[in-house]
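Take a look at the letters that make up each chain.
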Number of protein chains: 2
Amino acid sequence: MELGPPGGSGPAEPGPRLRGLRGADAAASASSLSRFGAEAGCRASAVAAVLPAGGSGERMGVPTPKQFCPILERPLISYTLQALERVSWIKDIIVAVTRENMETMKGIIQRYQHKRISLVEAGVTRHRSIFNGLKALAEDQPNCRLSKPEVVIIHDAVRPFVEEDVLLKVVTAAQEHGASGAIRPLVSTVISPSADSCLDHSLERARYRASEMPQAFLFDVIYDAYQQCSDYDLEFGTECLHLALKYSHIKAKLVEGSPDLWKVTYKRDLYAAESIIKERISQKVCVVMDTKEDEEHVGHCLEEMLKTELNHVKVTSGQDLQQIILEQCYNFVCVNVMTSDFEETQRLLNMVEESNLSILYPVVVISVHFLDYESVPLGQKMEKVMQIREFAKEAKKRNILLSGLLIYFPQEEQKLRESLRQGTTIISALIKERNSGLIGQLLVA
Amino acid sequence: MELGPPGGSGPAEPGPRLRGLRGADAAASASSLSRFGAEAGCRASAVAAVLPAGGSGERMGVPTPKQFCPILERPLISYTLQALERVSWIKDIIVAVTRENMETMKGIIQRYQHKRISLVEAGVTRHRSIFNGLKALAEDQPNCRLSKPEVVIIHDAVRPFVEEDVLLKVVTAAQEHGASGAIRPLVSTVISPSADSCLDHSLERARYRASEMPQAFLFDVIYDAYQQCSDYDLEFGTECLHLALKYSHIKAKLVEGSPDLWKVTYKRDLYAAESIIKERISQKVCVVMDTKEDEEHVGHCLEEMLKTELNHVKVTSGQDLQQIILEQCYNFVCVNVMTSDFEETQRLLNMVEESNLSILYPVVVISVHFLDYESVPLGQKMEKVMQIREFAKEAKKRNILLSGLLIYFPQEEQKLRESLRQGTTIISALIKERNSGLIGQLLVA
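Computed from a predicted structure; not experimentally measured. Throughout this document, residue positions are counted from 1 along each chain, in the order its sequence is written. Chain labels run from A onward and ligand labels from 1 onward, assigned in the order the entries are written. Local features in this predicted model are restricted to residues whose pLDDT is 70 or higher, and side-chain atom pairs enter the listing and the counts only when it is 80 or higher, whereas totals over whole chains, interfaces and linings include all residues. Water and hydrogen atoms play no part in the side-chain values, which are based on all heavy atoms of the structure.

1. Some remarks on the packing of helix H7 (residues 219-228) of chain B against helix H9 (residues 240-248) of chain B
Residue and element names in this part refer to chain B.
Then step 1. The convention used is that axes are lines fitted to C-alpha atoms, helices contributing only their stretch in contact, and that angles between N-to-C directions extend from 0 to 180 degrees. A run of DSSP states H or I qualifies as a helix once it reaches four residues; a run of E qualifies as a strand once it reaches two. Both are numbered from the N-terminal end. Packing of H7 against H9 leaves a shortest axis separation of 8 Å and a crossing angle of 80°. Taken together, the axes of H7 and H9 lie roughly perpendicular to each other. Touching Val 221, Ile 222, Asp 224, Ala 225, Tyr 226 and Gln 228 of H7 are Cys 240, Leu 243, Ala 244, Tyr 247 and Ser 248, all from H9. An angle counts as roughly parallel when it lies under 35 degrees, as roughly antiparallel when it exceeds 145, as roughly perpendicular when it falls between 65 and 115, and as oblique in every other case. Only heavy atoms enter the contact rule, under which two residues are in contact if any of them lie within 4.5 Å.

Structure representation (structure tokens):
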């Protein structure tokens, strides 16, 4: 079973569609509010995003707030920031975190090299956190390095799979309508209970939608709404679209979102997020071969078999490795047909280390060696290749998961295909599971 | 991060609370409808369950309907059946499947040895499938081996984590109120769109609930409702509680359910379900030791370390193995301190095979051996232990995942603890990942 296109892992280009967006302010947009920024002499960036991240994670039933829960050892919020950062036309990203988590958040930004992020202090409720984020963007803040955007996106720190596509849709709709939000069909019927916990009535499912994130607003529409709204709204409200309607009289345009927009709410959602991320980064594998494929039958066979298990298999003899690393491939199989030493593997490890590829995701490297039982005793070969344990310990420190694979190489074609097939199964398992508990092992096919 | 008690994997006992339930019919229940069955001379079983399973899985975006999607190679619906079967006071379970899937479903029932299941043909909508299930339970069907229950539970085939606790709550509430259903807080705000896809209004989240499954009804209440309801209801309706209200004028009692009741709807839910199941069956591990723990320091150390990684570690020298297998432990570590052969491991494999333990879940068996580098060369030992590959191939056919672990055994205490700690990491990874691609491997700690 396959997910859609990996999308989430590749870099996003702004593209020509954005031209209109940047010029909207100058072009005397339909909204009378949008002149406000221009009059104040503020250099309006087109789009900023506000992420409330002050939640306590109580629904999760764990002490760590859910936005800081680790997925492949990296906090969830870092994936969401990555998804927003990929979109070059989002100029500023404002994250609202509680005072207690301010240092944690700074550490995350530094460690994962996030850019264009500003931190503000979260309020005690979601609405108050968003309001704090908006205040930081408004031009009336003293000593503010941020500039007031034309449009502000509001997103959740715990929806890591947001794509540029839907961000663009809500921003464009916000420019036209003043406000916009992503929606999804309801999964369950919604009912209204009576005071004694009996069914009062059920809603007709087809007439309603779940309001999801992201949402986007002309900055002044939502900022005005927050400035007017009551303490009750700030304490008990949940819905920004509602505030825009109630105080700025703007009927938000609703945009159908994909299932990917779901919010990490329960523990099971963390499991799902981890599996989705693992699947996405397991799609591409680069096979580094110390020989040309047509020269050496065995390498070619292995490549063919890998293609049946993994989506994108790219074979190289090493020259274009730098380019492949740049294309964000997180899996490398180093096939040593001609030699039994680790030179190739070490060269590859060095390259991966230098590339900073493993800052965001654990990178899997598998060093494949061949073994002819008849000419070399298994034990002797193994002892040699066991050095891999030491290499693996070092590589782990840089988030690279190294293991070895010894493939039995019999003369008989049928048997050879059988051991290559088993090798393929093992390679595929190592890439898909990405289990750091098994690094440094020498597996045998 | 831990889930709650494993619950889902252990057998459920009926318990004294059920006494009242079975006698309810005889005790002239408050509902006048409940006399209907008794008058017709039908031996009313207390409780039956109906599972509509005719869905096409279109939301999943995969060709296999979601109830048949595999989790650890077993179809999702089998987990749901297992959850209902564990509850001994549910006398009959009626599953509605489409004609095309009838043979598949029969195969699942046979392979996983499900009991008390009857199949009926699904209708084209969920309501029609449920109605077909109810008809099979009604006493007016010719040649029916089923008897009309007092209470019928309606559940979804794609909610595998339902617990006895909530089933009991809805059944008890249905006896008192005529109808009952599980509810959950809303995760997202619900909004009503206008015809032009703009926000019309949003609902106050706190005043509404998501209606989930299971639901329970006095049989006659829901059967009467289905007999009266319109084609429109049967085609476009989704909510049984609504039918009970509209046609039988019963206001269902709403019962707060746990987050576990969620419905497998999207691919991410399959991932989540697999992770939850893996976590549940990884909690208990049985360590079979060929020596008494206090006699042999190394075994004792390993046990202590395993306890830091896994919740329930039970150590045995083999006598009470049969009992441990009966208690549904799915993970075995066979520690061979005194010998380097496979006799113990083979004895264990035979026992697991004979127990049928691996019918429902893949069972992990790890054969642990120790290696003193100084006295025996690594290669020599390894070649001996490599026989494990052949054993593993055979075991896999019976859903047992066998691997070997060679732990370095130096004289120095500090170093010994280090290699035991690494062994523990590997054991824990093998149990938690349960990856069949790595069977037959000899790992080294």
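That was the structure; now back to the text.
2. Notes on the pairing of strand E15 (residues 363-371) of chain A
Note on strand geometry: in a regular strand, side chains alternate between the two faces of the sheet.
All names here are of chain A.
Then step 1. Any residue under 20% of the maximum accessible area for its type is buried, any over 50% is exposed, and the rest in between are partly exposed; the area is computed with a 1.4 Å probe on protein chains only. Most of E15 is tucked away, with nine of its nine residues classed as buried.
Then step 2. Neither face of E15 is exposed, since Val 363, Val 365, Ser 367, His 369 and Leu 371 on one face and Val 364, Ile 366, Val 368 and Phe 370 on the opposite face are all buried.
Then step 3. In short, DSSP must find at least two bridges between two strands for them to pair. As paired strands, strand E14 (residues 331-336) and E15 are joined by six bridges and run parallel to one another. Within E15, the residue paired with Cys 334 across the bridge is Ser 367.
Then step 4. Relative to strand E16 (residues 400-408), E15 runs parallel, the two being bridged by nine bridges. In the strand pairing of E16, Val 363 is matched with Ile 400.

3. Observations regarding the nonpolar core
Generally speaking, soluble globular proteins have nonpolar side chains that are buried together.
Then step 1. With 291 residues, the main nonpolar core has Ile 90, Tyr 226 and Phe 332 of chain A together with Ile 90, Tyr 226 and Phe 332 of chain B as its most contacted residues.
Then step 2. In this structure, Tyr 226 of chain B is in contact with His 127, Ile 130, Phe 131, Leu 134, Leu 234, Cys 240 and Leu 243 of chain B, ignoring residues within four places of it in sequence. The nonpolar core is taken to be a set of buried Ala, Val, Leu, Ile, Met, Phe, Trp, Tyr and Cys residues, with the residues joined through side-chain atoms within 4.5 Å.

4. Some remarks on the sheet that holds E16 of chain A
Residue and element names in this part refer to chain A.
Then step 1. Strand order in the open sheet formed by six strands is E13-E12-E14-E15-E16-E17, and the pairing between neighbours is parallel. In the strand order of this sheet, the two ends are held by strand E13 (312-316) and strand E17 (442-444), each with one partner. Looking at each pair of strands side by side, their axes are set apart by 25° on average, direction ignored.
Then step 2. Judged from the four bridges that link them, strand E12 (residues 284-289) and E14 form a sheet pairing that is parallel. By the bridge assignment for E14, Cys 286 is matched with Phe 332.
Then step 3. Sitting on the sheet, helix H15 (residues 388-396) touches E15 and E16, and the angle it makes with E16 is about 155°.

5. Focus on the UniProt feature "site: Transition state stabilizer" in chain A
Residue and element names in this part refer to chain A.
Then step 1. The UniProt feature table records "site: Transition state stabilizer" at Arg 59 and Lys 66.
Then step 2. Tracing the backbone shows Lys 66 in the loop between strand E1 (47-52) and strand E2 (70-71).
Then step 3. With a relative accessible area of 13%, Lys 66 lands in the buried category. UniProt positions are given in the numbering used here, feature names are shortened, and annotations may be inferred rather than shown by experiment.

6. Quick notes on the packing of helix H10 (residues 267-281) of chain A against helix H10 (residues 267-281) of chain B
Then step 1. The contact between H10 of chain A and H10 of chain B brings their axes to 8 Å, and the two run at 110°. Classified by the angle between their axes, H10 of chain A and H10 of chain B sit roughly perpendicular to one another. H10 of chain A and H10 of chain B meet at a crossing whose hand is right-handed. Taken together, the residues of H10 of chain B that come into contact with H10 of chain A (itself represented by Arg 268, Tyr 271, Ala 272, Ser 275, Ile 276 and Glu 279 of chain A) are Arg 268, Tyr 271, Ala 272, Ser 275, Ile 276 and Glu 279 of chain B.
Then step 2. When residue character is reported, Ala, Val, Leu, Ile, Met, Phe, Trp, Tyr, Cys and Pro are called nonpolar, Asp, Glu, Lys and Arg charged, and the others, Gly included, polar. When grouped by side-chain class, the residues that make up the contact of H10 of chain A with H10 of chain B number six nonpolar, two polar and four charged. Handedness of a helix crossing follows the sense of rotation of the near helix relative to the far helix, less than a right angle counterclockwise being left-handed and clockwise being right-handed.

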